[in-house]
Amino acid sequence: MHPFPPHRTLTAAAMDLYPSLLQIVRILLSEDDDAKAPELVLRRVLEATGADRGFIVVREDGSYEQKFAVHFDKAKISDKERKFSRGLVRQAIETRQIVHLSRDADEPRASLLKSLEESGASAALVAPLAHGADVYGAVYVEYKSRAASDEALRFVAEFAELAGLFLKRALEREALRRRSQRLERDLFARYDFEGIVTQDARMLALLKTVAQVADSDATVLVRGETGTGKELIARALHVNSPRRSKACVTLHTSALPGTILESELFGHVKGAFTGADRDRVGRVASAQGGTLFLDEVAEIAPEVQAKLLRFLQFGEIQRVGSDRTEKVDVRVIAATHQDLPALVEAGKFRRDLYFRLKVIEIEIPPLRERASDVPLLVEHFLRTCWKRPGERPRFTERAARALREHAYPGNVRELAHVVERACILAAGPELDVDLLPSDVAQPAGPGPLAPRFSRLSADELDAAREAGVAELERAFLVALMDRHGGNVSQAARESGFNRTYLQKLLAKHRVAGAGGRRPAFDG
């Protein structure tokens, strides 16, 4: 047993292994499933090194666990095999060096050689997957009837350096996902956010604010573009408050003339104006003890703004045509898609009313700034809109990409209508781009891969890179299969791909093989 020396001159055979290393790099860069990528990589390592079986261990909460295996099922191997493999993995991690044990070598102590023989293997190779000062896991490969070649040793050394960085980032992403999921589970378990679907960090922070201020009676101003879900936030504020047992009354103030709006808000007495043939309780009084949601508050006529301000300041209303004031206990939540500060500066909205409304201000980000929510919302609306029992609808990769890339000027409401339209027009459960509106199916721009950037952030660039790699892979596969008539074996042989790996790529991107069928594969 010996640590592998750091560097030697590469032979021609060693150079031949580099296409395999390049394919592994492609998997690490393009595979966005952190649970699936390690097994795909391990299979490629076994093919490249000629090993018979192996596994990968991953560090979790300070300990190392076997997470991925090929022909090394923990339930089927003997205790001696398990003990032997664990011992080598432990040594590789502790020494931070590649360990190679072979029956043909002179170095092993008798006890280790005996353990190797008892395990039924002729050679074993373990590489720690490290980056910087930390070891994030290890890869173990085993040979049944031969030793590992020098080229295989060199390949594993090169692979370990790449895989260590990948595993580090994968574990960081997993830790971030777990923290986000814990926050999300805690929020959605403790509070009622019915109808709100999100995993976006800004939205989760917004919901945390909603939970914090729900118990208060303070006025809340909800700002956001049309279709972002302002009414859902108002509902969440109400149902998570002590007022939940009382009414939540909504008034859409846009396009209502001043006299009608005043009557809608505060009510009127019989004879107050032509057509007022009976007393009427307004929306404010109807919400007694509960919540009043004023949607598009920027549209309120100037003459009504003063009376709304008085109600907010003193908790009193006066019906149209009456000289009597009434005390009311109502919490007000207002919403607008307009720029209220600009309207204040233009003299179109009262400054004192604006500051009275925005005791608590919540701004909902547009959907184009929370692209990670689009797949979740699509699945949510598919479940809501699909009316055929026994079928599970799904969008094709082309349609899903179009949905991800659309800018959604109408925000979540627009996405809901797009999915509903597709469900109504669909002949079967597979939904393609022909079921999408033309502006969604064929986005405007300089080219099919030109993404829309709104935040100009590192996360947005990473997402665009991933989408670009996926689209390029798919375009390559379509052209490859067209050239070879859908024959997977011929395409793999001519292009230099391993057939199993090519099958996995074809299945991942839903590209058809021979006969128009997507290739099946094991694994």
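Residues numbered from 1 in each chain as written. Predicted model: local features only at pLDDT ≥ 70, side-chain atom pairs only at ≥ 80, totals over all residues. Heavy atoms only, no water.

Undergrad: Account for the overall build of the chain, with residues named and values stated.
TA: On a plain count of helices and strands, the chain comes out with 20 helices and 17 strands. The buried share of the chain, taken over its 523 residues, is 45%. Looking at the chain alone, contacts between residues at least 24 apart form 68% of all its contacts between residues at least 6 apart. Element-wise, carbon and sulfur atoms account for 50% of the exposed surface of the chain, whose accessible area totals about 26700 Å². (Helix = DSSP H or I, 4+ residues; strand = E, 2+ residues; numbered from the N terminus. Buried < 20%, exposed > 50% of the residue type's maximum accessible area, 1.4 Å probe, protein only. Contact = heavy atoms within 4.5 Å. Areas by Shrake-Rupley, 256 points an atom, 1.4 Å probe, with all protein chains shown as cover.)

Undergrad: Outline helix 19 (residues 488-495), supporting the account with residue identities and numerical values.
TA: For an α-helix, 3.6 residues make a turn, and residues three or four places apart therefore share a direction. Looking at helix 19, one finds that the buried residues are V488, A491 and A492. Burial along helix 19 is one-sided: seen end-on, the buried residues are contained in an arc of 100°. Counted as exposed and oriented over 90 degrees from the buried face of helix 19: R493 and E494. For helix 19, the N-terminal cap is N487; the gap from its side-chain oxygen to the backbone nitrogen of S489 is 3.1 Å. Two residues or fewer past helix 19, G496 is found with a positive phi of approximately 90°. (Arc of directions from axis to C-beta. Polar contact = N/O pair within 3.5 Å; in protein donor to acceptor, adjacent residues only side chain to side chain.)

Undergrad: How would you sum up the packing of aromatic side chains? Please name residues and give values.
TA: Applying the stated criterion to the full structure yields 7 aromatic pairs. Consider the rings of F55 and F72, whose centres lie 4.9 Å apart with planes at 55°: the pair is tilted. Of the two residues, F55 sits in strand 2 (residues 53-60) while F72 sits in the loop between strand 3 (63-70) and helix 4 (79-95), which places them 17 residues apart along the sequence. The interplanar angle of 35° and the centroid separation of 6.1 Å between the aromatic rings of Y191 and F193 together place this pair among those described as tilted. A residue is classified by how much of its surface remains accessible, and Y191, at 22% relative accessible area, is partly exposed. In this structure an aromatic cluster arises from ring pairing among F55, F72 and Y140. (Phe/Tyr/Trp six-rings, centres within 6.5 Å; stacked < 30°, edge-to-face > 60°.)

Undergrad: If you had to explain helix 14 (residues 373-385) to someone new, which residues and values would you point to?
TA: For helix 14, with 13 residues, the first-to-last C-alpha span of 18 Å sits near the 18 Å given by 1.5 Å per residue. Among the residues making up helix 14, those that are buried are D373, V374, L377, V378, F381, L382 and C385. In an axial view of helix 14, the angular spread of the buried residues amounts to 165°, which keeps them on one side of the axis. Its buried side turned inward, helix 14 meets helix 7 (201-213), strand 16 (394-395), helix 15 (397-405), helix 16 (411-425) and strand 17 (430-431). (Expected span 1.5 Å × (residues − 1).)

Undergrad: Quick one: what's the story with the pattern of salt bridges, residue by residue and with numbers?
TA: In a structure, side chains of opposite charge can pair up when their charged atoms sit close to one another. Considering all chains together, one arrives at 24 salt bridges under this definition. Between K307 and E262 there is a salt bridge, and its shortest N-O distance comes to 2.3 Å. Remark: E262 occurs in helix 9 (residues 258-266) and K307 occurs in helix 11 (residues 302-314); sequence separation between them is 45 residues. Accessibility expressed as a relative area gives 40% for K307, which makes it partly exposed. Across the pair E264 and R283 runs a salt bridge whose closest N-O atoms are separated by 3.1 Å. Taken together, the residues span a long stretch of sequence, with E264 in helix 9 and R283 in helix 10 (residues 283-286) at a distance of 19 residues. Residue classification places R283 among the partly exposed residues on the basis of a relative accessible area of 24%. If you follow the salt bridges from partner to partner, you end up with R53, E81, E142 and K144 in one network. (Salt bridge = Lys/Arg side-chain N within 4 Å of Asp/Glu carboxyl O.)

Undergrad: Residues and numbers for the pairing of strand 4 (residues 99-102), please.
TA: Of the two faces of strand 4, the one lined by V99 and L101 and the one lined by H100 and S102 are each fully buried. Bridge analysis of strand 4 against strand 5 (residues 123-131) gives 4 bridges, and the strand direction is antiparallel. Across the sheet, the residue bridging to L101 is A124, located in strand 5. (Pairing = 2+ DSSP bridges.)

Undergrad: Which residues make up the pairing of strand 5, and what are the values?
TA: Of all 9 residues making up strand 5, 7 are buried, and the element is well covered by its neighbours. Between strand 5 and strand 6 (residues 134-143), which follow one another and run antiparallel, lie 2 residues, and G132 among them has a positive phi close to 65°.

Undergrad: So, the sheet that holds strand 15 (residues 360-363): which residues are in play, and what are the values?
TA: If you walk across this open sheet you meet the 5 strands as 8-11-14-7-15, and the pairing is parallel. Sheet topology places strand 8 (248-252) and strand 15 at the edges, where each strand pairs with a single neighbour. Strand-to-strand twist of the sheet, defined as the mean angle between neighbouring strand axes without regard to direction, takes the value 20°. One ladder, built from 5 bridges, connects strand 8 with strand 11 (residues 291-295); its direction is parallel. Bridge pairing in strand 11 places L251 opposite L294. Packed onto the sheet, helix 7 meets strand 14 (331-336) and strand 15 and runs at close to 155° relative to strand 15. (Axes fitted to C-alpha atoms, helices over the stretch in contact; angles between N-to-C directions.)

Undergrad: Break down the nonpolar core for me, citing the residues and quoting the values.
TA: Core analysis: the largest hydrophobic core is formed by 32 residues, its most contacted members being L265, V284, L292, F311, L340 and F349. Looking at this core, the elements that each hand over two or more residues are strand 8, helix 9, helix 10, strand 11, helix 11, strand 14, helix 12 (340-345) and helix 13 (351-357). For this core, the element with the highest residue contribution is helix 11, accounting for 5 residues. Setting aside residues no more than four positions away along its own chain, L340 makes contact with L221, R223, V297, A298, F349 and Y354. (Core = buried A, V, L, I, M, F, W, Y, C linked by side-chain atoms within 4.5 Å.)

Undergrad: Got a sec to walk through the confidence of the model for the chain? Specific residues and values, please.
TA: When the pLDDT values of the chain are averaged, the result is 81; 82% of them are 70 or greater. Across residues 1-15, confidence stays below pLDDT 50; counting only partners more than four residues off in sequence or on other chains, it has 28 contacts. In this model residues 444-450 is a low-confidence stretch, pLDDT under 50, and it forms 6 contacts with partners more than four residues away in sequence or in other chains. (pLDDT = per-residue confidence, 0-100.)

Undergrad: Quick one: what's the story with the side chain of E264, residue by residue and with numbers?
TA: For E264, a relative accessible area of 13% translates into the label buried. The contact partners of E264, leaving out residues within four places of it in the chain, are L251, L256, R280, G282 and R283.

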